[in-house]
Amino acid sequence: MTDLLLIAVYALCAGAVVGAVGLLVLRRLGGRSIAVHVGVLLVVTVAAVVAGVVTVAEAMFLSAHDLQVVVLTVLAAAVVSLAVGITFGRRLAAAAMWSAQARKRERQLEAGRRELVAWVSHDLRTPLAGLRAMAEALEDGIVAEPAAVADYHRRIRIETDRMTHLVDDLFELSRINAGALRLALAQVPLGDVVSEAIAATAPLAAHRRIQLVAAESGWPVVLGSEPELGRVVTNLLVNSVRYTPPDGTVHIEAGHDDRDAWLAVTDTCGGIPEADLPRVFDVAFRGERARSPAPAGTAGGGLGLAIVRGLVEAHGGQVGVGNTGSGCRFVVRLPSRS
């Protein structure tokens, strides 16, 4: 019994020394990744076992041959244990990181949904109240002069168009998020898509005194769906026109490199704060704090750029934004024709 107790004390002391060293190492690695912590913990655990066995073997006055056999056996077991432990430890660390990122992304999406509901409720309630007031005025005969009646009709049509556009954006965004978007891929000349988008944006640009400037050449052919690509370009142009001060300029150009085609829209909006750049493509992010405020009646529902990102990613592409001196630059990268 005394011998067993002595062996236990030797093993405990050896393991305690290794554990104390491991504790100091772990404290110094406070800012490292989970995988590093798991690896160090496994090494400390196996090292404590090896130290205990070797210490006990030395205390038992084993022969040199027997001591070598014990040490080799323990080391072999230690190598296998470390290999298995580190492999599954890395998987556990990766799963933990993925779970944390998923929870963070879920919280961001939930916040975006709440913000979207608030924006949409406001954007629907305001025009509906105006429509009801104008309809009641016409119905009660408060407005009777032909010119005033015509003006009310025009305003009713404008508000109806705004609501229709908002509903269309919501429907498009719901299709993207639900995975119900089906693309009819074909070889699409990007120059034709841009020409149609400029024609659709020209009235708003003229009203805002914004000059639309397109490159004369360099337009590539991309693999995509023409209606969705048209919406991408139109949304980017409308967004830049809305936030560019009067008498500003919006440039659009394109090209291709070894793997992808790219399209860039550059405006003179004054730039976006660095803290807001990661949120530009989030649902319901409007950025009035970041860029020059859009005039009343021209602000969108905060869905245009979210739709752009969804449609571009559905094409297997990417979209990004960065500041460039007097404004910002949106860049879309799409697969070239194959």
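Residues numbered from 1 in each chain as written. Predicted model: local features only at pLDDT ≥ 70, side-chain atom pairs only at ≥ 80, totals over all residues. Heavy atoms only, no water.

J.: So what about the nonpolar core? Which residues, and what values?
T.: With 42 residues, the main nonpolar core has V233, L236 and L263 as its most contacted residues. Those elements giving two or more residues to this core turn out to be α4 (146-177), α5 (190-208), α6 (226-243), β4 (249-256), β5 (260-266), α7 (304-314) and β7 (327-335). The element best represented in this core is α6, accounting for 7 residues. Excluding residues that lie within four positions of it along the chain, L236 makes contacts with L263, V265, L305, V308, F330 and V332. (Core = buried A, V, L, I, M, F, W, Y, C linked by side-chain atoms within 4.5 Å. Buried < 20%, exposed > 50% of the residue type's maximum accessible area, 1.4 Å probe, protein only. Helix = DSSP H or I, 4+ residues; strand = E, 2+ residues; numbered from the N terminus. Contact = heavy atoms within 4.5 Å.)

J.: Please set out the sheet that holds strand β2 (residues 211-214) residue by residue, giving values where relevant.
T.: The 5 strands are arranged β2-β4-β5-β7-β6 in an open sheet whose pairing can be described as mixed. The open sheet has two free edges, formed respectively by β2 and β6 (318-324), since each of these has just one partner strand. Averaged over all neighbouring strand pairs, the angle between strand axes comes to 15 degrees, with direction disregarded. Bridge count between β2 and β4: 4 bridges; the pairing is parallel. What sits directly across from L212, in β4, is V250. (Pairing = 2+ DSSP bridges. Axes fitted to C-alpha atoms, helices over the stretch in contact; angles between N-to-C directions.)

J.: Talk me through the packing of aromatic side chains; I want residue IDs and the actual numbers.
T.: Following the criterion strictly, the structure yields 1 aromatic pair and no others. Consider the rings of F281 and F330, whose centres lie 6.0 Å apart with planes at 90 degrees: the pair is edge-to-face. In this pair, F281 is assigned in the loop between β5 and α7 and F330 in strand β7, connecting sequence segments 49 residues apart. Overall, the relative accessible area of 7% leaves F281 in the buried class. For F330, a relative accessible area of 0% corresponds to the buried category. Geometry around Y152 places R155 over its ring, the cationic atom sitting 5.3 Å from the centre. (Phe/Tyr/Trp six-rings, centres within 6.5 Å; stacked < 30°, edge-to-face > 60°. Lys NZ or Arg CZ within 6 Å of the ring centre and 35° of its normal.)

J.: I'd love a proper account of the packing of α5 against α6, names of residues and values included.
T.: For the pair α5 and α6, interaxial distance at closest approach is 9 Å and the crossing angle is 25 degrees. It follows that α5 is roughly parallel to α6 by the angle criterion. For the pair α5 and α6, the crossing hand works out as right-handed. Contacts from V193, V194, E196, A197, I198, T201, L204, A205 and R208 in α5 reach E226, L229, G230, V233, T234, L237, V238, V241 and R242 in α6. Residues that form the contact of α5 with α6 fall into these classes: 11 nonpolar, 3 polar and 4 charged. (Parallel < 35°, antiparallel > 145°, perpendicular 65-115°, else oblique. Left-handed = near helix turned anticlockwise from the far one by under 90°. Nonpolar A, V, L, I, M, F, W, Y, C, P; charged D, E, K, R; others polar.)

J.: Go over the pattern of salt bridges, please, and point to the residues and values.
T.: One side chain can pair with another of opposite charge once the charged atoms of both are near each other. Taken as a whole and judged by the stated rule, the model has 11 salt bridges. Notably, a salt bridge pairs D151 with R155, separated by 3.5 Å at the nearest N-O pair. With D151 and R155 both in helix α4, this residue pair falls 4 residues apart, about one helical turn. The exposure class of R155 is partly exposed, given its relative accessible area of 37%. The partner of D260 in a salt bridge is R333, with the nearest N and O atoms 3.8 Å apart. A residue pair is termed long-range when its members are at least 10 positions apart, and D260 in strand β5 and R333 in strand β7 qualify at 73 residues. On the accessibility criterion, R333 (27% relative accessible area) is partly exposed. (Salt bridge = Lys/Arg side-chain N within 4 Å of Asp/Glu carboxyl O.)

J.: Lay out the confidence of the model for the protein with the relevant residues and their values.
T.: Across the protein, the average pLDDT comes to 79, with 84% of residues at or above 70. Throughout residues 289-299 the model reports pLDDT below 50, and contacts reaching past four residues in sequence, or to other chains, amount to 26 contacts. (pLDDT = per-residue confidence, 0-100.)

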